[in-house]
Amino acid sequence: MNIMINKNVVQLHCLKEEKAEPSDEVITEDMKWECLGAACPSSCCHLMYARIFIHEIVPLSKHFPITFCMTDCGGEKHDIAICILLRHIRDGNYCTYLEKGSGCAMADNRPLACKQFPFSAVKDETGNNRLLVRLSCPGFSEVSGHPILMPGRDISPYLKQECIDPATSGCDSYEETRIFVETLNRYNLIADGAYTHKGETILFKLVDLKKLYELPKETLNDFRARGYMQLINAHANSLIDNITRHIDTYLARMSK
Ligand code: SF4
Ligand code: SF4
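Analysis parameters
- Residues numbered from 1 in each chain as written.
- Chains lettered and ligands numbered in written order.
- Predicted model: local features only at pLDDT ≥ 70, side-chain atom pairs only at ≥ 80, totals over all residues.
- Helix = DSSP H or I, 4+ residues; strand = E, 2+ residues; numbered from the N terminus.
- Buried ≥ 20, exposed ≤ 12 C-beta atoms within 10 Å, placed from the backbone.
- Contact = placed C-beta atoms within 7 Å.
- Pairing = 2+ DSSP bridges.

*Asks:* Would you mind going over the overall build of the protein with me for this structure?
*Replies:* The helix and strand inventory of the protein stands at seven helices and 14 strands. Burial statistics for the protein: of 256 residues in total, 30% are counted as buried. Of the contacts formed within the protein by residues at least 6 apart in sequence, a portion of 65% connects residues at least 24 apart.

Here it is in structure tokens:
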């Protein structure tokens, strides 16, 4: 299996085989990686949203507003994903949970998207997981860090545990996540929302609960049987408190 580079993303290998084939282009045996944490000059924690997976909705709802992101794919097509909002849009470009000098306050509770970065996994056309590597992360080096490949081009146990396992866990629930979002979209349940606190307004997408409870009883029973009502409730309950936290954090950072 070849390692291919496409712009800044490298397709590394088929995870089922836990091996990477040699490439003269990209990943070498000398290449190392470590997260630079609070010292990172281009932290991945500056993003506005992180894509999450269906099994993360309930645990992450305690910490982040769970919302939906829509990407225009051209024509009539849109990609809709479940996302968490990481910060107030006006907040100095980093997540509410990033504490300057000490890094992420979420520790092991952080989303899979954070744990796996700069790696991610996608299913290829044969159903195998393929690992993608974002070489824009400044944690790559030939000098210091954890080796990426072991002799024989196995992925190192450290990288596997810290990044690759979270990446494959997300990838494995991709289909279930997609079906959940598509179901909400099919019933036209995703609407625009806004919440204002202390004069600051945050816009987001949410499930329209009024429309939800107007659905036929059989549809609601089907949603209950699939566990969707619990997920929708967790989403709805995640919004106000966590958006308030984002705004309060922004205002506190501004006042320093
Ligand atoms: S994963 Fe990479 S981009 Fe993100 S904080 Fe660590 S070194 Fe920086
Ligand atoms: S949860 Fe932690 S790792 Fe993820 S974006 Fe926020 S500070 Fe960064």
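*Asks:* Would you mind showing me how to read the environment of Glu176 here?
*Replies:* Within the secondary structure layout, Glu176 lies in helix α4 (residues 174-186). Classification of Glu176 by C-beta neighbours within 10 Å gives exposed; the count is 12.

*Asks:* Quick question: what am I supposed to make of the sheet that holds strand β11 (residues 140-141) here?
*Replies:* Strand pairing in a sheet takes place through backbone hydrogen bonds and is either antiparallel or parallel in direction. Ordered in space as β11-β3-β12, the three strands form an open sheet in which the pairing is antiparallel. Strand pairing shows two members of the sheet lacking a second neighbour, β11 and β12 (146-147), which therefore form its edges. Pairing between strand β3 (residues 32-33) and β12: two bridges, direction antiparallel. Counterpart to Lys32 in the pairing with β12 is Pro147.

*Asks:* Is there a simple way to think about the environment of Leu135 in this case?
*Replies:* Following the sequence through the fold, Leu135 ends up in the loop between β10 (129-134) and β11. Leu135 sits in the partly exposed class, given 16 other C-beta atoms within 10 Å. Taking the C-alpha atoms as reference points, Leu135 and Phe119, 16 residues apart in sequence, are found 9.1 Å from one another.

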